[in-house]
Structure formats: C-alpha cells, structure tokens
Amino acid sequence: MTGLVAALAGTGLAVAAPAPAHATTSSDASAAMSAFVSAFWDPTAKYFFCNSDHQVHSQHAYGPDGGLYSDFWWEAQNWETVMDAYQATGDPTYRQMIDDVYTGFTAFYPTFSTNFNDDLGWWALASARAYGITGETQYLTTAENLFNSVYAYQDTTYGGGIWWQRNLQNQKNIASSAPAAEAAAMIYKDTGNTTYLTDAQGLYSWMKSTLQSNGHVYDHVDGSGVAKWDFTYNFGAYIGAADALYTATSNSTYLTDANAAGSWATTYLTNAGTLDYEGVDDAGGFKTVLIRNLAHLAGAHGQTQYLPFLQMNVNQGWNQHRSSDSLVGPDWSQPTGSAYLQSLTAGAMAGAAAVVTPDGTSGPQPGFATYQATNARTTNISSESTNSGFSGRGYLAGWNADGQSVSFEVQAPAAGAYEMALRYAGGAGNATRKISVNGSVVAGNQQFPGTGGWSSWSTVTLNGVALNQGYNEVTIAYSSAAGSSNYLNLDSMRLSYQLQAENGVLHGGIGLESSNAGYTGTGYLAGWNADGQWVDLSPNVSRSGTYTVTFRYAAAAGNASRYIYADGTDVTDNLAFPGTASWSTWNTVTLSGVHLNAGSNTLSVIYDSTKGSSNYLNLDEVTVQYTGG
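What you are looking at is a predicted structure, and each value in this text was computed from that prediction instead of being measured.

**Q** I tried to follow the overall build of the protein chain on my own but got confused; where do I start?
**A** For the protein chain, the helix and strand inventory stands at 13 helices and 32 strands. The principal-axis extent of the C-alpha atoms belonging to the protein chain is close to 80 × 50 × 45 Å. Counting over 629 residues, the protein chain shows a buried share of 58%. Counted over contacts in the protein chain with a minimum sequence separation of 6, partners at least 24 positions apart contribute 74%. Element-wise, carbon and sulfur atoms account for 47% of the exposed surface of the protein chain, whose accessible area totals about 21700 Å². Of note, the protein chain has its 21 positive side-chain charges centred 4 Å away from the centre of its 47 negative side-chain charges.

Structure, rendered in structure tokens:
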C-alpha cells in the first residue's frame, strides 16, 4: 500500500459482522448509494473508478490501469459498501454486485499479491463477510487463504502482532492486526476451527496490551516505541475485532472493551459532534470503519447509546452533499466542493447511510456548543497535551508567528447573535489575535490577558458575533499587521445563541434599564416582581431537539424565582435565581433538556405567584445551545 497515509501508518477500514444494523433504509440512504454507484461503478470492468471524473490523478494513482481504478484496499472498502447497501435494502442489484466486485478485482489481482499485510487483512475480512451474506464457498476459501497468508507474518517482536509490510519489517500496527483478528473470529464462527479463534484472541490480546489504554487506541509500535496517533479507523478496527470475538465467545469483556473504545472516539474525535476531517486519499474513508462497527454494536448488541451520535453524523454528512451528483466529500462539517472526489471518500457517506438507522428528520444539523481547538483545521500550529487542565485531548500550542491560524467549522442552530467564549492559557503574558467570521473581521486585535502559567486557563468572551444558520467558518489568526503578539495556547471555543431580554415581547409593565453596568446588549429587564409580568423570547432553530437554556441575571434583592414555559409546555414551575451581591453583579442559571421545535419557538419567563415566583429580578439575556435530537 502506498499514498499519503502510508508514510504514517497502516491503512484501511474494518467491518462489522454480517448482520445489518437495521431492516430498512431511508430514501436519503438509497439516494446516497445510487449516487455513489452512478459516479464510480464501471459495469464493464466490474470495478470502481478511483475518481469521480474517471481520470487518473497523480495524487493517488496506485490502482489498475495506472490508477484509473481504485487501489487494493480501497476496493475492499468499496466492496463492503456494496454489502452495506444489500443488507440495508435487499436489492438484488447489490447482491449481484457483490459477486461482480470480486470478479473484477480478481481479474486484476488473481493472486492477491501485495507487500502490505493490512491490505490483505481488509480483503480477508471482506471475504468472510461476503461468505456470511451469500453462502458462496469461494469467499470463505479466500478469507481463510488470505488470513493464513497474513498470519504468517506474526511473530513475538514487540510482544506479538503482525508486521505491516512484508519486505520491510519495521512496524506493527492496528491496521495489520485488527482486521486479521476480526476475520479469524468470523472464520471460526463459520468453520468451527478453533485454531482461528486462538489466533484471533492472541492478536487481540496483543493489541489490547500494546496499542490501547482505557479505550484510547493507538496507531503502531516500532523501534522508537508506540505512536499514539488518533485515527478513527484504528478505533473502528479495534472495535470490530472486539465485536467479532464477543460474537464468537459471548465473553462480555470484549463488549466492554469495544464500548471503551467507542466512548473515547465519540467523545474526543469530533468537531462539535461530527467526526473530524482527517484528510483525503486513504484518510478520506477512515470514518467508515468506526461508523460501521458502532452501528453493529447498536443493532446487534443493543448498544443503542451510539445511535444518536451515528444519526447526527449521517444527517450532517448528507446535508453536505452537492447538488450536481449528490456526492459527499471528506469533511462532513462543510459543504462539498465542486472538485472530483475519490471513491473511498464518497463511499464513506453511502456506507454510513446504509448501516445507520435513519431518524426520519431532515434539514440543517446543528453542532454542539463546544468546538475543540485540536479538532479544528490548523495552519502551521501544533498540538500538545503536556500542560494539565485542557478539556479535550489537548490544545494548540507553539503559536506566535504570521502564517499560523486555526479555523473552526461551525454548524449554527440559528441565524443571529452569538456569545463566543474562547478558553486559553497565556503563560507568557498578555497575547492578542485577529478573529474573523466568514471572512469578515469581528475583532482585529482581541486581547487574551496573561494567565500566570500554561496550566492556568481563562476565558475571553465576545458578544453579539453574527452567525448564519448552518455553516460558518471562524478563524483565529496571528497577524502582526493587525497587532497580534505573544504565545497563546488555545483549548476550545464555545458558541451560544444569544437572545437579548430587552428585545423580547414584554407584558405587564416590565421595565427596561441600562443604569447598572455589565449587561451584554443594550440593556436589561427590570422592575419585575408581580403577577401578570413576563417576557416572551423567540428562539428560531434549525432542528427539533433538546437544548440547554441559560439565563443571565442580577438579583440584588435576594433569591428570586420564575416560571419557565416553552411552546405551550411547562418547563419548570419555579426556577431558582440565587441572589447576587449587587445589581451590577451578574450570574447565570441553566436549564438542560429543554425541547425546542424546528423553526420559531416561544420561550416565556413568567412571574406567577401560584407557581412560587418571588422577588425582583433583572434579566439580561438568554442563551441557547443544541445538545441533541
């Protein structure tokens, strides 16, 4: 195997066991698969083109006919995508295509000759799955032969595992060992030959002890030690192996291990809930393995905690498809551009839509409120995790020169003003940066006061930042021309949709003031302590779901409370607002799990003594954050 990621690690995508995650598919899933086949399938050669324009591009030209067709392991993944579609739909066209892909591939590679054991492992795994679907013995024979060929390169160097390359034995990785372990466990289920189970368990035990810790799956080990690179396909491959062994043995330890890796990946490898952009070429299809295997955990083993995450990702990805051919690119957080796409990249969306149970919703998919800086797109900035106190898997560091920037891809739930909170450390003293939104400067020289140490974190907040509903790009750059200065470590950005209380519909004589300092808009509500007084605010959001609602207030007269009502439904009868030291001292209280409908909503904050409302309250603003479907 060669290409962009070959220099980094083994490549490929693992697969789930034969059972589909659900019995039916949505029209969107059908459209995604039809678009993939239309753009890439060559029925004459019985092979998938490498690129959607059916041209050879030097960027990745390793397959048959000089790179016109997909290369070795890409075609194994394309084959898996066809299986995904067949199991989701039962369409006989895809059943025939399962046989056709194999025929086309073996016409070019009759002996499965390659130097890369991970490539053979993906084909062994795909062949085992094809046998489980079709019952055709040629696929089982191929799976056995390929696994045995790969396993011959297992030895005790570094404690076990399979060498990535055959002619250069300098690295062992998840990609060369996990697909082989999963294939062996599946072959054992099909043949009853316990040698395969023993081999699968040995490979898995080595991975668990050498390339994993508390669900954090690493990439490889070599003479320099363990490379702790974070790729979604490593997590997916490891989960697939654990899943297959749980299916084969009913040993719950394997399921526990799979869930530990699934939890780590879904927590730390996302852009506000959407799986990270990992690149193109090999990396363009990495997310497929994680999605496929999480879907199998949800569908076959009752691990439904992953279903909302999976549905959010399919919704987000499909919303980025381009109108010209309905294909989706490698970055599911931004609209797909007009350039040609690669088969592995485009197949990721088709496969994901097939294996994930649809939620029946449509329209823009908002992201969660917090965007981790390490998962954003960076230019010439490195990441670290050495100083304590960061909130994700690290932070951006080494950032003090022109040409260095970070861009956050934001999916906003509503058009309007937002509170932007940037969490940072400024251990070298005061720093400044230029901040732009969708190409327009919103802060030419934003101040980040020094924090006294690199493990001391603080937050700077910008109010009234205008975002569009849906996609936005927020860029934070070092620009000496704009006055940028000093080092800065950036942890995260948190965005909250702002509704200024003074812009609501006021009832019962509530007053407006601006005499006490510290408010965020043009003023605040005041003189509010009697029945019949309330304010209606109107959050207009892109998707029905649950939201966190935060109220910013002052209560210098002591503890107060109010009745909260949303779209005809009681949210809480008596929300407490603890007293503040003065009318210029502002505090927040938060309500979680508030349901809002797609479109316009009415959120009411009411003084109602029958519900327990009490005391004066000054209300500055209400902020809204999407938390799930």
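**Q** What should I look at first to understand the sheet that holds strand E11 (residues 377–379) in this one?
**A** To summarise the sheet geometry, strands pair through backbone hydrogen bonds and adopt either a parallel or an antiparallel arrangement. Ordered in space as E11-E14-E19-E16-E17, the five strands form an open sheet in which the pairing is antiparallel. The open sheet has two edge strands, E11 and strand E17 (440–448), and neither has a second partner. Looking at each pair of strands side by side, their axes are set apart by 20 degrees on average, direction ignored.

**Q** Got a minute to help me understand the confidence of the model for the protein chain in this structure?
**A** Close inspection of predicted coordinates is inappropriate for parts of the model with low pLDDT. On average, the protein chain scores 94 in pLDDT, and the residues at 70 or more come to 96%. Low pLDDT, under 50, characterises residues 1–25; the predicted model gives this stretch 112 contacts beyond four residues in sequence or across chains.

**Q** Is there a simple way to think about the packing of helix H3 (residues 72–89) against helix H4 (residues 92–108) in this case?
**A** If you want to describe how two helices pack, look at the angle between their axes and the distance between the axes. Close contact between H3 and H4 brings their axes to 8 Å; oriented N to C, the two are set at 165 degrees. Here H4 runs roughly antiparallel to H3, going by the angle between their axes. At the point where H3 passes H4, the crossing takes the left-handed sense. In this structure, H3 contributes Phe72, Glu75, Trp79, Val82, Met83, Ala85, Tyr86 and Thr89 to the contact, and H4 contributes Tyr94, Arg95, Met97, Ile98, Val101, Tyr102 and Phe105. Tallied by class, the residues present in the contact of H3 with H4 amount to twelve nonpolar, one polar and two charged.

**Q** So what exactly am I meant to see when it comes to the side chain of Arg433 here?
**A** Structurally, Arg433 is set in strand E16 (residues 431–437). Despite its burial, Arg433 pairs with no opposite charge; the closest candidate is Asp402, at 8.9 Å N-O. A polar atom in the side chain of Arg433 sits 2.9 Å from the backbone oxygen of Ser485. A polar atom in the side chain of Arg433 sits 2.8 Å from the backbone oxygen of Asn486.

**Q** Sorry, what's going on with the packing of aromatic side chains here?
**A** Two measures describe an aromatic ring pair: the distance that separates the ring centres and the angle between the ring planes. On inspection of all chains with the given rule, the structure shows 42 aromatic pairs. Ring geometry for Tyr102 and Tyr139: centres 5.0 Å apart, planes at 85 degrees, overall edge-to-face. With Tyr102 in helix H4 and Tyr139 in helix H6 (residues 137–151), the pair connects residues that are 37 residues apart, well separated along the chain. For Tyr139, a relative accessible area of 0% translates into the label buried. Ring centres of Phe112 and Trp123 lie 5.9 Å apart, and the angle between their planes is 65 degrees; this geometry places the pair in the edge-to-face category. With Phe112 in the loop between H4 and helix H5 (117–134) and Trp123 in helix H5, the pair connects residues that are eleven residues apart, well separated along the chain. In this structure Trp123 comes out as buried when scored by relative accessible area, which is 0%. Connected via pairs of aromatic rings, a cluster forms that spans Tyr47, Phe49, Tyr69, Phe72, Trp79, Tyr102, Phe105, Phe108, Tyr109, Phe112, Trp123 and Tyr139. The aromatic ring of Tyr277 is capped on one face by Arg377, whose charged end is 3.7 Å from the ring centroid. The positively charged end of Lys611 is found above the aromatic ring belonging to Tyr563, 4.9 Å away from the centroid.

**Q** Explain the environment of Tyr268 here, please?
**A** In this fold, Tyr268 is placed in helix H10 (residues 252–268). Residues within four places of Tyr268 in sequence aside, it is in contact with Asn375, Gly392 and Arg393.

**Q** Quick question: what am I supposed to make of the sheet that holds strand E28 (residues 569–577) here?
**A** What the five strands build is an open sheet, ordered E21-E24-E31-E27-E28; its pairing is antiparallel. Looking at which strands have only one partner, the edges of the open sheet turn out to be strand E21 (505–507) and E28. Strand-to-strand twist across the sheet, computed as the mean angle between neighbouring axes with direction ignored, equals 20 degrees. Relative to strand E31 (residues 603–606), strand E27 (residues 560–566) runs antiparallel, the two being bridged by four bridges. Following the sheet pairing, Ile564 is matched in E31 by Val605.

**Q** Help me understand the nonpolar core in this model?
**A** In a soluble, globular protein the nonpolar side chains are often hidden away together inside. The biggest cluster of nonpolar side chains holds 115 residues, and the ones touching the most others in it are Trp79, Trp123 and Met207. The next biggest cluster of nonpolar side chains, apart from the first, holds 64 residues, and it includes Val406, Ala414, Leu525 and Leu596.

**Q** Looking at this structure, I do not really get the pairing of strand E14 (residues 405–412). What am I missing?
**A** Remember that side chains alternate between the two faces of the sheet whenever the strand is regular. Taken across its eight residues, E14 has eight buried, putting it largely inside the fold. Burial of the side chains of E14 extends over both faces: Ser405, Ser407, Glu409 and Gln411 are buried on one face and Val406, Phe408, Val410 and Ala412 on the other. Pairing geometry for E11 and E14, over three bridges, is antiparallel. In the sheet register, Thr379 faces E14, and the bridge partner there is Ser405.

**Q** Honestly, the side chain of Asp199 in this entry has me stumped. Any pointers?
**A** By the element assignment, Asp199 lies in helix H8 (residues 194–210). Lys172 is the oppositely charged side chain nearest to the buried, salt-bridge-free Asp199, at an N-O distance of 13 Å. Setting aside its immediate chain neighbours within four residues, Asp199 contacts Phe147 and Tyr151.

**Q** Can you walk me through unusual backbone geometry in this structure?
**A** Outside of glycine, negative phi angles account for most residues, and trans bonds account for most peptide bonds. Unlike most non-glycine residues, Lys46 shows phi in positive territory, near 55 degrees. Along the chain, Lys46 turns up in the loop between strand E1 (41–42) and strand E2 (47–48). Phi at Asp281 takes a positive value of approximately 55 degrees, unusual for a residue other than glycine. Here Asp281 lies in the loop between strand E9 (274–275) and helix H11 (286–301).

Reading guide: rules and limits
Residues numbered from 1 in each chain as written. Predicted model: local features only at pLDDT ≥ 70, side-chain atom pairs only at ≥ 80, totals over all residues. Heavy atoms only, no water. Helix = DSSP H or I, 4+ residues; strand = E, 2+ residues; numbered from the N terminus. Buried < 20%, exposed > 50% of the residue type's maximum accessible area, 1.4 Å probe, protein only. Contact = heavy atoms within 4.5 Å. Areas by Shrake-Rupley, 256 points an atom, 1.4 Å probe, with all protein chains shown as cover. Lys, Arg positive; Asp, Glu negative; His and termini not counted. Charge placed at Lys NZ, Arg CZ, Asp CG, Glu CD. Pairing = 2+ DSSP bridges. Axes fitted to C-alpha atoms, helices over the stretch in contact; angles between N-to-C directions. pLDDT = per-residue confidence, 0-100. Parallel < 35°, antiparallel > 145°, perpendicular 65-115°, else oblique. Left-handed = near helix turned anticlockwise from the far one by under 90°. Nonpolar A, V, L, I, M, F, W, Y, C, P; charged D, E, K, R; others polar. Salt bridge = Lys/Arg side-chain N within 4 Å of Asp/Glu carboxyl O. Polar contact = N/O pair within 3.5 Å; in protein donor to acceptor, adjacent residues only side chain to side chain. Phe/Tyr/Trp six-rings, centres within 6.5 Å; stacked < 30°, edge-to-face > 60°. Lys NZ or Arg CZ within 6 Å of the ring centre and 35° of its normal. Core = buried A, V, L, I, M, F, W, Y, C linked by side-chain atoms within 4.5 Å.

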